[in-house]
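Spelled out, the chains give:
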Amino acid sequence: ESLQRKEKFCPIEFERVIEIMREKVAHHLYSLMMNEGKLLETLELFKDFFLLGRGELFLAFIDSADNMMQHSVAKKSSDSDINRLFLKSYTQLGFSNEDHVEKFRLKFVSGLLKSKSAEQVPSKWNDLTLTYDVQWPLHVLFTADVMAEYNKIFMCLLKLSRCQIALQTAWSVSTRSGYKFDADLLNLRSNVAYLIDQLQYYLHVDVLETNYTILLKEIKETKDFEAIRRAHNKFLGEIQAWSFLSDESENNLSSAPVSQLIDLVIILGFQTAVKFTEVVDSEQKGSSVKKLDSNYEHVVLLMVALLESSAARQHNSLMNQLLLRVDYNGFFSNKRNQKKEKLRKAALSSKVVSQPSL
């Protein structure tokens, strides 16, 4: 009304009024999100389920569902079957609030996981997605696109967790079966399991937990819905960038090569675990184990070289943290340098031998 009374239109005054209106709407949306939508409680649930924060739940679930999922290439499993197992795992662990888990639903959607690991390890696990029943007013923040991003992270973490569990199960088999497994196979399992454990720790602690703490801090320091939306979008973006899931990231790191190497490590993990259950000739198994070991070393050396190059360019703490976890005490980088030196000496020797005598 005050603007209508003025003889001349004042852009500055108009902007001031619009900003006041925006702040009131943003504060009202903030109140709805926090009070009616219980945003903080919902984010905690997302962390527990989409980000696999409840590790013990998914450990029990993977253990109980794995047999059905591996055989479901031939026998189709329904959504209700897998959700029944998920709820059973939840209740068996003593969680009392079933209202929380019932908001989530597992669903098979084929063709979403297109990584090499999905091709090498065919099972219904690669089609498993997680959905959440988003209620008003949270639908304003958790849009369909946002939920798709959460699901992308969920599938990546689930795949890595399955590989870790498979390698742990292989170790259990080797200690309880009474069968004397080949030392090279045991050593390979130990090496691949170490790398998978380091990737798990990096993702869950260095990436997820760190960024989740930052998100909660920014939410608690504002009463503006738009600020919450920006903080949440940044949270998802950072997770995807540093989990090497995004196509483009502000850190100038090409995520594709790293994600491909991680996929190859997961393939090696599954293939190594399978060796503990194979019934084949010992000579044939020994040959395949040596090939896996050679592939493992090649992949890790490539990963370390790529991480070193990226860390040197960016001086980013997360990149350096991952490099430290993968290449602890410079084990792999020293090994690579030794190989280079050996090749250099061999080349020099070859050159000297090939020179004609005077």
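What counts as what
- Residues numbered from 1 in each chain as written.
- Predicted model: local features only at pLDDT ≥ 70, side-chain atom pairs only at ≥ 80, totals over all residues.
- Heavy atoms only, no water.
- Phe/Tyr/Trp six-rings, centres within 6.5 Å; stacked < 30°, edge-to-face > 60°.
- Helix = DSSP H or I, 4+ residues; strand = E, 2+ residues; numbered from the N terminus.
- Buried < 20%, exposed > 50% of the residue type's maximum accessible area, 1.4 Å probe, protein only.
- Pairing = 2+ DSSP bridges.
- 1 Å grid on protein atoms, 1.4 Å probe; cavity = no way out; pocket = protein on both sides within 12 Å on 5 of 7 lines; lining within 4 Å.
- Points joined across faces, edges and corners; volume = space filled by probe spheres on them.
- Nonpolar A, V, L, I, M, F, W, Y, C, P; charged D, E, K, R; others polar.
- Contact = heavy atoms within 4.5 Å.

### So, the packing of aromatic side chains
Taken as a whole and judged by the stated rule, the model has 20 aromatic pairs. Pairing Phe-46 with Phe-104 gives two aromatic rings, centres 6.3 Å apart and planes at 65°, and the pair type is edge-to-face. A residue pair is termed long-range when its members are at least 10 positions apart, and Phe-46 in helix H3 (residues 39–49) and Phe-104 in strand E1 (residues 104–108) qualify at 58 residues. Each of the two residues, Phe-46 as well as Phe-104, counts as buried. Where Phe-50 meets Phe-104, the ring centres are 5.8 Å apart and the plane angle is 65°; that geometry is what we call edge-to-face. Here Phe-50 is found in the loop between H3 and helix H4 (55–71), whereas its partner Phe-104 is found in strand E1, with 54 residues between them in sequence.

### Quick look at the pairing of E1
Because side chains alternate across E1, one face comprises the buried residues Phe-104, Leu-106 and Phe-108, and the other comprises Arg-105 and Lys-107, none of which is buried. With five bridges joining them, E1 and strand E2 (residues 128–132) adopt antiparallel strand pairing. Following the sheet pairing, Leu-106 is matched in E2 by Leu-130.

### Description of unusual backbone geometry
Here the residue pair Trp-136 and Pro-137 is connected by a cis peptide bond, since its omega of 5° sits within 30 degrees of zero. With a phi angle near 50°, Lys-38 is a residue other than glycine that sits in the positive phi range. Note that Lys-38 resides in the loop between helix H2 (11–36) and H3. One non-glycine residue, Phe-244, lies in positive phi territory at about 65°.

### Some remarks on the layout of surface pockets
Taken as a whole, the second largest pocket holds about 460 Å³ of empty space. As for the second largest pocket, its lining consists of 16 residues, of which Asp-66, Gln-70, Ala-166, Thr-169 and Ala-273 are closest to the centre. Within the residue set of the lining of the second largest pocket, elements represented by two or more residues are H4, helix H8 (144–176) and helix H11 (255–275). Broken down by element, the residue count for the lining of the second largest pocket peaks at six residues, all from H8. Across the lining of the second largest pocket, the residue classes break down as nine nonpolar, four polar and three charged.

### A look at the environment of Phe-142
Looking at the secondary structure, you find Phe-142 in the loop between E2 and H8. By relative accessible area, Phe-142 is classed as buried at 3%. When residues no more than four places from it in sequence are discounted, the contact partners of Phe-142 are Leu-39, Thr-42, Leu-43, Phe-46, Val-134, Met-147, Tyr-150 and His-232.

### Examining the environment of Tyr-296
Along the chain, Tyr-296 falls in helix H12 (residues 282–314). A relative accessible area of 5% places Tyr-296 in the buried class. Expressed as a C-alpha distance, the spacing of Tyr-296 and Val-265, which sit 31 residues apart in the sequence, is 7.1 Å. Aside from chain neighbours lying at most four places away, what touches Tyr-296 is Leu-188, Asn-191, Val-192, Leu-195, Leu-268 and Phe-332.

In short, geometric facts, not functional conclusions.
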